[in-house]
Amino acid sequence: MLSEIGGLSVTSQKSVLLIIGGGIAAYKCLELIRLLSKAGIKTRAILTKAAEQFVTPLSVAALIGEKVYTDLFSLTDEAEMGHIQLSRSTDLVVVAPATADLMAKMASGLATDLATTALLATDKPVMIAPAMNVRMWGHPATQRNLAQLKKDGVKVIGPDEGDMACGEYGPGRLSEPDAIAAKIIDFLKGTGNKPLTGKKMLVTAGPTHEPIDPVRYIANRSSGKQGYAIAEALAALGADVTLISGPTQLDVPGGVKRIDVESASDMLAATTLALPVDGAIFAAAVADWRVANSSDQKVKKKDGALPDLTLAENPDILATVSQLKSGRPELVVGFAAETQNIIENGSSKLVRKGCDWIVANDVSPDTGTFGGDRNSVHLITNDGVDSWPSQSKAEVSSQLAKQISEYFQGR
Ligand code: PMT
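What you see as residue numbers is a count from 1 along each chain, following the sequence as written. This being a predicted model, a pLDDT of at least 70 is required before a residue's local features are given, and a value of 80 or more before pairs of side-chain atoms are given or counted; all residues contribute to the totals for chains, interfaces and linings. Based on all heavy atoms of the structure, the side-chain values leave hydrogens and waters out of the count.

Chemist: Looking at this structure, I do not really get empty space enclosed by the protein. What am I missing?
Modeler: Which parts of space are left empty comes out when a probe the size of a water molecule is rolled across the atoms. With a 1 Å grid spanning the protein atoms alone, the term cavity applies to any set of points in which a 1.4 Å probe fits but cannot get out, the term pocket to an open set with protein on both sides within 12 Å along at least five of seven lines, and the term lining residue to any residue with an atom within 4 Å of a point. Grid points are joined across faces, edges and corners, and a volume is the space filled by probe spheres set on the points. As enumerated under the stated definition, the model contains 1 cavity of 30 Å³ or more in all. When its volume is computed, the largest cavity comes out at roughly 30 Å³. Residue composition of the lining of the largest cavity, grouped by class: 3 nonpolar, 4 polar and 2 charged. Gly counts as polar in this scheme, as do all residues outside two lists: the nonpolar Ala, Val, Leu, Ile, Met, Phe, Trp, Tyr, Cys and Pro, and the charged Asp, Glu, Lys and Arg.

Chemist: Looking at this model, I keep getting lost on the pattern of salt bridges. Mind explaining?
Modeler: Salt bridges are defined as contacts in which a side-chain nitrogen from Lys or Arg sits within 4 Å of a carboxyl oxygen from Asp or Glu. Throughout the structure, instances matching the rule amount to 16 salt bridges. Here R216 ties to D213 by a salt bridge, and the two come within 2.4 Å at their closest N and O atoms. Assessed through its relative accessible area of 32%, R216 is described here as partly exposed. Buried residues are those whose accessible area, probed at 1.4 Å on protein chains only, stays under 20% of the maximum for their type, while exposed residues exceed 50% and partly exposed ones sit between those limits. D213 sits in the buried class, given a relative accessible area of 4%. A salt bridge links D260 to R258; its shortest N-O distance comes to 3.0 Å. Among the residues examined, D260 registers a relative accessible area of 52% and is labelled exposed. One salt-bridge network, held together by shared partners, links K28, R173 and E176.

Chemist: Sorry if this is basic, but what is going on with the domain arrangement of the protein here?
Modeler: Interface size, as often reported, equals the accessible area lost upon joining of the parts. A domain assignment, automatic or from a database, supplies the domain bounds used here. Splitting the protein by domain gives domain 1 (2-191) and domain 2 (194-297 + 305-410). Computed from C-alpha atoms alone, the centre-to-centre distance between domain 1 and domain 2 is 35 Å.

Chemist: I'm lost on the pairing of strand 10 (residues 200-205) in this one. Help?
Modeler: Both faces of the sheet carry side chains from a regular strand, because those side chains alternate between them. Burial of strand 10 is extensive: 5 of the 6 residues sit out of reach of the surface. Here the rule is simple: two strands pair whenever DSSP picks up at least two bridges between them. Secondary structure elements follow DSSP: runs of H or I of four or more residues count as helices, runs of E of two or more count as strands, with numbering from the N terminus. As judged from the 6 bridges shared by strand 10 and strand 13 (residues 240-245), these two strands associate in the parallel manner. Following the sheet pairing, A205 is matched in strand 13 by S245.

Chemist: When you look at the nonpolar core in this model, what are you seeing that I'm missing?
Modeler: Side chains of nonpolar character tend, in soluble globular proteins, to be buried together. By size, the foremost hydrophobic cluster in this structure holds 34 residues, and its most contacted members are L18, I20, V60, L92, V94 and I184. For this core, the elements supplying multiple residues, two or more each, are strand 3 (14-20), helix 1 (28-38), strand 4 (41-47), helix 2 (57-64), strand 5 (92-98), strand 6 (126-130) and helix 9 (177-191). Per-element tally for this core: the top contributor is helix 9, with 6 residues. Contacts of L18, omitting those with residues within four sequence positions, involve C29, L32, I33, T43, R44, A45, I46, V94 and A96. Residues grouped as a nonpolar core are buried Ala, Val, Leu, Ile, Met, Phe, Trp, Tyr and Cys residues, joined through side-chain atoms within 4.5 Å. Ranked by size, the runner-up nonpolar core spans 31 residues in total, among them L237, A283, V333 and A401. When checking whether two residues touch, look at their non-hydrogen atoms; a contact exists if any pair is within 4.5 Å.

Right, here's the structure in full:
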């Protein structure tokens, strides 16, 4: 069976367990169910007691074409399908709207009703689409719960920013049903298709911090977003990914093993330890220099006198790995951050460092690439230069991960 929605398709019948939480946005789930059904996805539904205040079990049942589950202690429901089986006879569990209360219960592992019991009992991936008042969303407790859920591997869609039913404005709106459906379909497409299964991948990301003394360091503006997105995209294709990360504010993507480092020397040591791998992608913005005479004690400010800092060149991690005589990864991909003559400079970096591919990107200040969400890159390989349109870092990563998987499939 092949169904299409927004250019996405699901090739075999997949199913979703939709847990509808009690928020004003619950009505949008009716449209979500319609879109999933149009894409050939079977939906089963659980309504929380609070959700029943916003949508009726009857309207949900009419759309999914079967009964809706609401009660943990229903003898008839348990006889037909126990809550454990309900939570596992699906490809994906989706919570929408995920209220602050549901998120808190999930983060603490509470099982107080059918919805939370199913969430605790499931062995399937879980996606949540949060929706709540802007202040509830921004509350440290909710943000703590969100961080915990991400750590537990829960995928998060939204929330969007905009006018809210309560009259306030800000982040907290449930993402639109078509955006949620697209994420679900994208995910389900990937579940049956893991071409990088069995492949070990290493990704470097983020800046490095080169100490001047115990409180000061030299750094750069890299956020780590591009490298983290690549690690996530490779893991989504089934790869076993080790992410070696300089200091960032980012959460580790689900299914990825992260090793935290500070300096270029630490990054080289962690990279060497993580070998052998099949492929290595070097997206980190490694500092070219470190302070050779860094101090163990805080350098004191003296009137009028500037500190005497001597710089030394850092090891080049990409070149070191590319030029390994034994244990070299089969595919080594470097990045080139350039502000002018992007392709020309990227091509000479490919030759100079000895890697197989270079992803050359324009990092001029007006592009916002460093720290921003978008990137515009040229993939340089022995076959030539492929210039990709400006797109989100997630899209760059999916495209790169796809090329990498095609490379390994073609071997
Ligand atoms: O982190 P973000 O905010 O998302 O931004 C993404 C990015 C701009 C940092 C990323 O897309 C990028 O371009 N990463 C490489 C940045 C860089 O250091 O480029 P470079 O041209 O100076 O280095 C070339 C290559 O050598 C890179 O693969 C780099 O990781 C590697 N290198 C550089 C120096 C060094 N001592 N060791 C290295 O391994």
